[in-house]
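Spelled out from the first residue to the last, the chains are:
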Amino acid sequence: MSSRIEYSEKYADEENEYRHVILPKELAKTLPKTRLLSENEWRSIGVQQSRGWQHYAIHRPEPHILLFRRPLGTDPQTGAVDAELKRLALEEYKGQFGLKGM
C-alpha cells in the first residue's frame, strides 16, 4: 500500500516549506478524521520523508491528502532549524519571487 503513496514537490512561503502527500483512499479511511497525525502515526502507515515535517491541517474535502509543513532551514537529517540553512532558503524564496532586498 505504501508504494501507492504519492508526494508533491515542495513549495514555500517566507516561514515554511510545504508538501502534500496523497494516500490511497482505502488507507485514508482507516485514519482519524478529527485530529492531526503524530510523526509516529504517519510514518507507521508508510509515509516516508525526511525529518522535521509536521502534519498541520486536515483538508476536509479530500481527507486522503495529508498537508505537511516544516520551518524554512530545517536540517533534513536532524529535524532542527539551522540558522544558515534558513538564511539560504529565505534568500532562495525571495529570489524566486523577485523580493530580493525586502
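Residues numbered from 1 in each chain as written. Predicted model: local features only at pLDDT ≥ 70, side-chain atom pairs only at ≥ 80, totals over all residues. Heavy atoms only, no water.

Caption draft 1: Quick look at the pairing of strand β5 (residues 65-71). Counting buried positions over the seven residues of β5 gives five, a clear majority of the element. As paired elements, strand β4 (residues 54-58) and β5 share four bridges and run antiparallel to each other. Across the sheet, residue glutamine 54 finds its bridge partner in β5, namely arginine 69. The hairpin turn running from β4 into β5, its antiparallel successor, is six residues long. (Buried < 20%, exposed > 50% of the residue type's maximum accessible area, 1.4 Å probe, protein only. Helix = DSSP H or I, 4+ residues; strand = E, 2+ residues; numbered from the N terminus. Pairing = 2+ DSSP bridges.)

Caption draft 2: Geometry of helix α3 (residues 83-96). Between its terminal C-alpha atoms α3 stretches 20 Å, which fits the 20 Å expected from 14 residues at 1.5 Å a residue. Regarding α3, its N-cap is aspartate 82, as a side-chain oxygen of that residue lies 3.0 Å from the backbone nitrogen of glutamate 84 further along. (Expected span 1.5 Å × (residues − 1). Polar contact = N/O pair within 3.5 Å; in protein donor to acceptor, adjacent residues only side chain to side chain.)

Caption draft 3: Inspection of the pattern of salt bridges at higher detail. All told, the structure shown has seven salt bridges when counted by the stated rule. We note a salt bridge from glutamate 41 to arginine 35, for which the minimum N-O separation is 2.6 Å. The structure contains a network of salt bridges with shared partners spanning Lys10, Glu17 and Arg70. (Salt bridge = Lys/Arg side-chain N within 4 Å of Asp/Glu carboxyl O.)

Caption draft 4: Geometry of the side chain of histidine 64. Looking at the secondary structure, you find histidine 64 in the loop between β4 and β5. The class of histidine 64 is buried, set by a relative accessible area of 13%. Not counting residues within four places of it along the chain, the set of residues in contact with histidine 64 comprises Val21, Ile22, Leu23, Lys25 and Ala28. (Contact = heavy atoms within 4.5 Å.)

Caption draft 5: Expanded view of the packing of aromatic side chains. Tallied over the full model, the rule gives three aromatic pairs. Here the aromatic rings of tryptophan 42 and phenylalanine 68 are separated by 5.0 Å at their centres, their planes lie at 75 degrees, and the arrangement is edge-to-face. Here phenylalanine 68 lies in strand β5 and tryptophan 42 lies in helix α2 (residues 39-44), a separation of 26 residues in the sequence. Comparing tryptophan 42 with phenylalanine 68, the two get one shared label, buried. In this structure, arginine 19 packs its charged tip against the face of tryptophan 53, placed 5.6 Å from the ring centre. (Phe/Tyr/Trp six-rings, centres within 6.5 Å; stacked < 30°, edge-to-face > 60°. Lys NZ or Arg CZ within 6 Å of the ring centre and 35° of its normal.)

As far as function goes, none of this settles anything; it's purely spatial.
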